[in-house]
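Topology and contacts: notes
So you can see what is in the structure, the chains are spelled out below.
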Amino acid sequence: MRVLTRSLFASTLIAGAIAAAPLQASAAVIDFDEPTLTGLYYKGDSFQQSGFNMAVNYDAGTVGKASDLDAPPSGNNTQFYTQLNEGFLTLTRADGGLFNLNSFDAAFVPLVPAAAGQTTIAAVGTQADGTQVGWAFLFAPAAGGSYQFAQYSGADFSVYTNLKSVDFFACSFDGANVCTSPLQNNGQFALDNINVTAAVPEPSAALLLGMGLAGMGWLRRRQAKV
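How each quantity is defined
- Residues numbered from 1 in each chain as written.
- Predicted model: local features only at pLDDT ≥ 70, side-chain atom pairs only at ≥ 80, totals over all residues.
- Heavy atoms only, no water.
- Helix = DSSP H or I, 4+ residues; strand = E, 2+ residues; numbered from the N terminus.
- Buried < 20%, exposed > 50% of the residue type's maximum accessible area, 1.4 Å probe, protein only.
- Contact = heavy atoms within 4.5 Å.
- Areas by Shrake-Rupley, 256 points an atom, 1.4 Å probe, with all protein chains shown as cover.
- Phe/Tyr/Trp six-rings, centres within 6.5 Å; stacked < 30°, edge-to-face > 60°.
- Core = buried A, V, L, I, M, F, W, Y, C linked by side-chain atoms within 4.5 Å.

This part covers the overall build of the chain. Scanning the chain from terminus to terminus reveals two helices and 15 strands. Residues classed as buried in the chain amount to 38% of the 226 residues present. Looking at the chain alone, contacts between residues at least 24 apart form 71% of all its contacts between residues at least 6 apart. As displayed, the chain offers around 11800 Å² of accessible surface, 56% of which is attributable to carbon and sulfur atoms.

Attention now goes to the packing of aromatic side chains. Geometrically, a pair of aromatic rings is defined through the distance of the ring centres and the angle of the planes. Here the structure, examined in full by the defined rule, presents 15 aromatic pairs. Aromatic side chains Phe104 and Phe137 sit 6.0 Å apart centroid to centroid with 75 degrees between the ring planes, which places their arrangement in the edge-to-face category. Of this pair, Phe104 sits in strand β8 (residues 99-108) while Phe137 sits in strand β10 (residues 132-138), and the two are 33 residues apart along the sequence. Since its relative accessible area comes to 0%, Phe104 is described here as buried. By relative accessible area, Phe137 is classed as buried at 10%. An aromatic cluster is present here, built from Phe104, Phe137, Tyr152, Phe157, Tyr160 and Phe168 joined pairwise through their rings.

With 36 residues, the main nonpolar core has Phe47, Leu91, Leu101, Phe104, Phe168 and Ile194 as its most contacted residues. Of all elements in the fold, only β1 (23-30), β4 (52-57), β7 (88-93), β8, β9 (118-127), β10, β14 (163-173) and β15 (189-201) reach the threshold of two or more residues within this core. Counting residues in each nonpolar core, the second largest holds seven residues, with Ala66, Leu69, Phe149 and Ala190 among its members.

Here it is as structure tokens:
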């Protein structure tokens, strides 16, 4: 009977440790400002910042300033990422964990000369269970001869939770539907200040969980002697 009592005690200790393990939102902003990130990235290349991995897909991208571009966007004097042609950028946590997407800044970067038609910036996330969620957002219009950076955030971002990854890409817009026609390499965009939160156990929670596991080890040793 004493062994059963100890078993229940150890199980309760572990359950209590897990229940007492609140998740703390660890915030990060990917701003591409680190000098070591500057340069050209080809299809298949990747780089990291703030505990997140960025993988370049389908076509090349660059990290630099507006002065590096032939048709630079306005409203941003810092470094940012520019996706060229019709490529896309995939964001994941470097440790493989889940995260939420809270906001990002983006601007259209047209070819020279610009192609006809309207383009959106799309962010499509894949959640832990494989569900895909996302929206396509209109770029801010051109003003004074250049497209403007704009921040995208708000209620629409409530869908971007428990994500394994997010793909950022440009997509056509015909006034009613998105992604209905090819962009003919005019899917270029600038991306900056990606605001994310990652759920991580608090140190105290990790300690409690360790105590629970230690309790189970102690129980097994005691049972072996009975």
